[in-house]
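Chain and residue survey
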Amino acid sequence: MKKKIISAFLGMAMAASVIGCSALAPGQGTDPSSDGSAAGSGASSDGELQVGIVLPTRDEPRWIQDEASFTSILGDAGFSSEVLFSQGSSATELTNVESLIEKGIDVLVICAQDATAAAQAVEFAHENDVTVICYDRLITDTDAVDYYVTFNSYDVGVQQGQYLIDAYAGQTDVPLYLYSGATTDNNAFIFFSGAWSVLSQAVADGQFTVANCDAIAPYIGQELDSTADHEALADIL
């Protein structure tokens, strides 16, 4: 029951965070030059750590903002927490998860460095009866995920694509360069499928000419599904 209460609260808190994109200014929070534990909201009444949070890197303001938000929100609600950073390493990510589990966490919040490699970490968490919440990025190739909190990444892609269509309205043969992110980030597939849902017809109609990706040619005028067409998207991205 305790884990369900913490998980439900975290789900609501993280939903508010991703909608608001964090209200803190860059630089607020802890010193980004330190290693290991970035912040903590203290111990619970029984002295145990309740929530472990693993974020990808402390070298970008967005994650420093999230660190401060998590620590503040959880602390105000009476939950103890600790934030660790993977610094772009799946091996460090796994070590962080193991360290937090050793400290007795009930709930793990993780934004994966690599969507597939992180499966080992969350499976280890499940083996130790820890509830897993994927934050921002879904961890794939595993069933050891209890909750997933993120943006509507597909709609973000649609808006990105529509912005380009509107910005170049009335023009033809505009060079279009397709980039969406690393294939290790599941969001990249969703962003792209959203953007391509509107850009595809614009390319077919001659408004844009794809300048950097031959693999997209068979899909001009068609939509791509981030799940059903995952392999095709991997070649395109």
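Residues numbered from 1 in each chain as written. Predicted model: local features only at pLDDT ≥ 70, side-chain atom pairs only at ≥ 80, totals over all residues. Heavy atoms only, no water.

Attention shifts here to the overall build of the chain. Each helix and strand in the chain was counted, giving 7 helices and 8 strands. A burial count over the chain gives 46% of its 237 residues as buried. Intrachain contacts of the chain at a sequence separation of at least 6 include 69% that bridge at least 24 residues. As displayed, the chain offers around 11,300 Å² of accessible surface, 51% of which is attributable to carbon and sulfur atoms. (Helix = DSSP H or I, 4+ residues; strand = E, 2+ residues; numbered from the N terminus. Buried < 20%, exposed > 50% of the residue type's maximum accessible area, 1.4 Å probe, protein only. Contact = heavy atoms within 4.5 Å. Areas by Shrake-Rupley, 256 points an atom, 1.4 Å probe, with all protein chains shown as cover.)

Next up on the list: the nonpolar core. Residues V97, L100, I105, L108, I110 and I139 are the most contacted members of the largest nonpolar core, which totals 21 residues. Of all elements in the fold, only α3 (90–102), β4 (107–110), α4 (119–127) and β5 (131–135) reach the threshold of two or more residues within this core. In this view, I105 contacts L49, Q50, V51, G52, L100 and V130; residues no more than four positions away in its chain are not counted. (Core = buried A, V, L, I, M, F, W, Y, C linked by side-chain atoms within 4.5 Å.)

On to the packing of aromatic side chains. Within this structure, the stated rule accounts for 3 aromatic pairs. With a centroid separation of 5.3 Å and an interplanar angle of 80 degrees, the aromatic rings of F70 and Y135 are classed as edge-to-face. Highlighted residues: F70 in helix α2 (residues 61–76) and Y135 in strand β5, separated in sequence by 65 residues. What makes F70 buried here is its relative accessible area of 7%. Ring plane angle 75 degrees and centroid distance 6.2 Å describe the contact between Y168 and F208, whose orientation is recorded as edge-to-face. With Y168 in the loop between α5 (153–167) and β7 (174–176) and F208 in strand β8 (residues 208–210), this residue pair connects regions lying 40 residues apart in the sequence. On the basis of relative accessible area, F208 is assigned to the buried category, the value being 2%. (Phe/Tyr/Trp six-rings, centres within 6.5 Å; stacked < 30°, edge-to-face > 60°.)

Further remarks concern α2. Look at α2: 22 Å from first C-alpha to last across 16 residues, which is about the 22 Å you get at 1.5 Å a residue. Every buried residue of α2 is listed here: W63, I64, Q65, D66, E67, A68, S69, F70, T71 and L74. G78 occupies a position one or two residues after α2 and carries a positive phi of about 90 degrees. (Expected span 1.5 Å × (residues − 1).)

Counted under the stated rule, the structure contains 5 salt bridges. A salt bridge links D66 to R62; its shortest N-O distance comes to 2.9 Å. One end of the pair is D66 and the other is R62, both in helix α2 and 4 residues apart, which spans about a single turn. Looking at D66, the relative accessible area reads 1%, which means it is buried. In this structure, the salt-bridge partner of D136 is R137, at a minimum N-O distance of 3.9 Å. Each member of the pair D136 and R137 is classed as buried. The network of salt bridges with common partners includes R62, D66, D136, R137 and D185. (Salt bridge = Lys/Arg side-chain N within 4 Å of Asp/Glu carboxyl O.)

This part takes up the environment of A119. With respect to the helices, strands and loops of the structure, A119 is situated in helix α4. Of the residues examined, A119 reaches a relative accessible area of 7% and is grouped as buried. Spatially, the C-alpha atoms of A119 and D141 are 6.7 Å apart, while their sequence positions differ by 22 residues. Among residues more than four places away in sequence, those in contact with A119 are I139, T140, D141 and T142.

Of the residues in the chain, 80% have a pLDDT of 70 or more, and the chain-wide mean is 86. Predicted confidence for residues 18–38 stays below pLDDT 50, and this span has 38 contacts to residues more than four positions away or in other chains. (pLDDT = per-residue confidence, 0-100.)

Among the 5 residues in strand β3 (residues 81–85), 5 count as buried, and that is most of the element. Covered by surrounding structure in β3 are S81, V83 and F85 together with E82 and L84, the residues of both alternating faces. Pairing geometry for strand β2 (residues 51–55) and β3, over 5 bridges, is parallel. The partner of V54 across the bridge, within β3, is L84. Handedness of the crossover joining β2 and β3 through α2: right-handed. (Pairing = 2+ DSSP bridges. Right-handed = clockwise from strand over helix to strand, strands pointing away.)

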